[in-house]
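Working through the structure, step by step
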Protein chains: 2
Amino acid sequence: MPIIDFWFSIGSTYTYLSVMRIEQVEKQTGVRFVWKPFNVRVVMIEMNNVPFVNKPAKAAYMRRDIERRSQMRGLSPKLPAPYPLAELERANRVAIVGAAEGWCPAYVRASYRRWIEQGLPAGNEPNISQSITEAGADVEDVLARADAEEAVAGLVDATNQAKSLGIFGSPTFVVGKEIFWGDDRLEDAISWKNRQAK
Amino acid sequence: MPIIDFWFSIGSTYTYLSVMRIEQVEKQTGVRFVWKPFNVRVVMIEMNNVPFVNKPAKAAYMRRDIERRSQMRGLSPKLPAPYPLAELERANRVAIVGAAEGWCPAYVRASYRRWIEQGLPAGNEPNISQSITEAGADVEDVLARADAEEAVAGLVDATNQAKSLGIFGSPTFVVGKEIFWGDDRLEDAISWKNRQAK
């Protein structure tokens, strides 16, 4: 089965588009995606890559672009959503815990639905507890582990690994040494993977 | 016949992808594109939108992304191409003259081919004269008019019009009040246009 790494950060608005369709794409293409949470904020600050702050035309466009593409796919975002996320790190540390236990995709989808469709910031209450519950995990246990040293270090390690791959934004799809940035490059990543497989 | 405005600046590397396929897209879809040159550099500087300078990871990705997408379409870019263009303004003033006379698309394609595929900066010799000739216009006459007041004012006017539409990058496709930024949104622009037509 062809496998593609799906690097993402809860906190990236465009990532909503990928999070909400990866499962369907897996069914349609037979490709499996491995969900890899990292801290995109750290990477972007380090690279002085600040695409939307103080750029109102570009920020307005981004919202409209996400809105239009979402509607084409039958999604109902309510934009602008709260941004930036105060608890971006915690939201992604929970995803790190989930990735080790198999409920990461369900948690991330639930978080994005609450954040982008209902206006409840991911990483904060009530979003975080409700999304963990929806993913079938135990809130108290997960939050304790997400705030402990292992998950903190896990997110730092993942972020360093992302940087070493040349990743500078979320979502990024990785096929061998090739990186594909943006939900709009998901199809390119799949073509590349399938080409390799031949 | 459905019409979409195609706003572009010679000098934008990603615009190569659109310039090289617009003609084929017209044949396949029946949509007609009106070529609208403007000065994207002025707009981006004003908006403090500098996507690649001092962002080596993003710049390297941009080149690879253009390379891969070009190859998928049978094009042969040689990247990195000279960047930024010293004579961006002159290159686009010639396009302004061409837009009034019907040879703008042929000139812009010829300029991009020499710039991105052969490493000859657009707007400079020999690219500029060769591309005007290839488009079927008279070099001496065109360059004289491109450097005269009317074309200078024409590019400024076009750039102000672009800004008033909310345009912040090249290429941008405009359908009514909706703007679609990037070669990767060309299909969205066409869908939007066709939806309107129904």
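Residues numbered from 1 in each chain as written. Chains lettered and ligands numbered in written order. Predicted model: local features only at pLDDT ≥ 70, side-chain atom pairs only at ≥ 80, totals over all residues.

**Things to note about the interface of chain B and chain A**
Each side of the interface is counted separately: chain B has 16 residues, and chain A has 16 residues. Contributing elements (two or more residues each) for the side of chain B that touches chain A: helix H4 (56–72) and strand E4 (178–181) of chain B. The biggest single contributor to the side of chain B that touches chain A is H4 of chain B, with five residues. Split by residue class, the side of chain B that touches chain A holds seven nonpolar, four polar and five charged. (Contact = placed C-beta atoms within 7 Å. Helix = DSSP H or I, 4+ residues; strand = E, 2+ residues; numbered from the N terminus. Nonpolar A, V, L, I, M, F, W, Y, C, P; charged D, E, K, R; others polar.)

**As for helix H5 (residues 88–101) of chain B**
Residue and element names in this part refer to chain B. Under the 1.5 Å per step criterion, the end-to-end length of H5 is 20 Å for 14 residues, consistent within 8% with the ideal 20 Å. H5 sits mainly inside the fold: 11 of its 14 residues count as buried. Where H5 is buried, its residues meet strand E2 (32–37), helix H3 (40–46), helix H6 (104–118), helix H7 (127–134), helix H8 (139–146) and helix H9 (149–164). At the exit of H5 stands Gly102, carrying a positive phi of roughly 90 degrees. (Expected span 1.5 Å × (residues − 1). Buried ≥ 20, exposed ≤ 12 C-beta atoms within 10 Å, placed from the backbone.)

**Points about the sheet that holds strand E3 (residues 172–175) of chain B**
Residue and element names in this part refer to chain B. Taking strand neighbours across the sheet as the criterion, the four strands line up as E2-E1-E3-E4 in an open arrangement whose pairing is mixed. Two strands in the sheet have a free side with no partner beyond their single neighbour: E2 and E4. Strand-to-strand, the axes of this sheet are offset by a mean angle of 25 degrees, without reference to chain direction. Pairing analysis gives four bridges linking E3 to E4, with the strands arranged antiparallel. Bridge pairing links Phe173 to Phe180 in E4. (Pairing = 2+ DSSP bridges. Axes fitted to C-alpha atoms, helices over the stretch in contact; angles between N-to-C directions.)

**Remarks on unusual backbone geometry**
The omega torsion of the bond from Ser170 of chain A to Pro171 of chain A falls at 0 degrees, within 30 degrees of zero and hence cis. Within the secondary structure, Pro171 of chain A is located in the loop between helix H9 (149–164) and strand E3 (172–175).

**Describing the confidence of the model for chain A**
Looking at chain A, the pLDDT average stands at 95 and 98% of residues meet or exceed 70. Taken together, the chains of this predicted complex give a pTM of 0.93 and an interface ipTM of 0.91. (pLDDT = per-residue confidence, 0-100.)

**Some thoughts on the pairing of strand E1 (residues 3–8) of chain B**
Residue and element names in this part refer to chain B. Looking at chain direction, E1 and E2 are connected through six bridges and run parallel. Residue Phe6 lies in a different strand from E2, and its bridge partner there is Trp35. Pairing of E1 with E3, which is carried by three bridges, proceeds in the antiparallel orientation. Across the sheet, the residue bridging to Trp7 is Thr172, located in E3.

**Observations concerning the relation of the copies chain B and chain A**
For these two chains of identical sequence, chain B goes onto chain A by a turn of 180 degrees and a shift of 0.0 Å along the axis, with RMSD 0.0 Å. This pairing of chains is accounted for by a two-fold axis. Every residue of chain B has its C-alpha some distance from the rotation axis, and the shortest such distance is that of Asp184 of chain B, at 3.6 Å. Interface residue correspondence from chain B to chain A reaches 100%, placing this contact among same-surface, isologous pairings. (Least-squares fit on C-alpha atoms with pLDDT ≥ 70 in both.)

**Comments concerning the sheet that holds E3 of chain A**
Residue and element names in this part refer to chain A. Read from one edge of the open sheet, four strands run E2-E1-E3-E4, paired in mixed fashion. Only two strands of the sheet have a single partner each, and these edge strands are strand E2 (32–37) and strand E4 (178–181). The mean angle between the axes of side-by-side strands here comes to 25 degrees, regardless of whether they run parallel or antiparallel.

**As for the pairing of E3 of chain B**
Neither face of E3 of chain B is open: one carries Thr172 and Val174 of chain B, the other Phe173 and Val175 of chain B, and all of them are buried. In textbook terms, the turn of a hairpin is the stretch between consecutive antiparallel strands, and for E3 of chain B and E4 of chain B this stretch comprises two residues, one of which, Gly176 of chain B, has a positive phi near 60 degrees.

**What to know about helix H6 (residues 104–118) of chain A**
Residue and element names in this part refer to chain A. Its 15 residues give H6 an end-to-end C-alpha distance of 20 Å, which sits within 8% of 21 Å, the value for a rise of 1.5 Å per residue. Listing the buried residues of H6 in full gives Cys104, Tyr107, Val108, Ala110, Ser111, Tyr112, Arg113, Arg114, Trp115 and Ile116. The secondary structure elements touched by the buried residues of H6 are helix H1 (15–19), E2, helix H5 (88–101) and helix H7 (127–134). At the C-terminal side of H6, Gly119 shows a positive phi close to 80 degrees.

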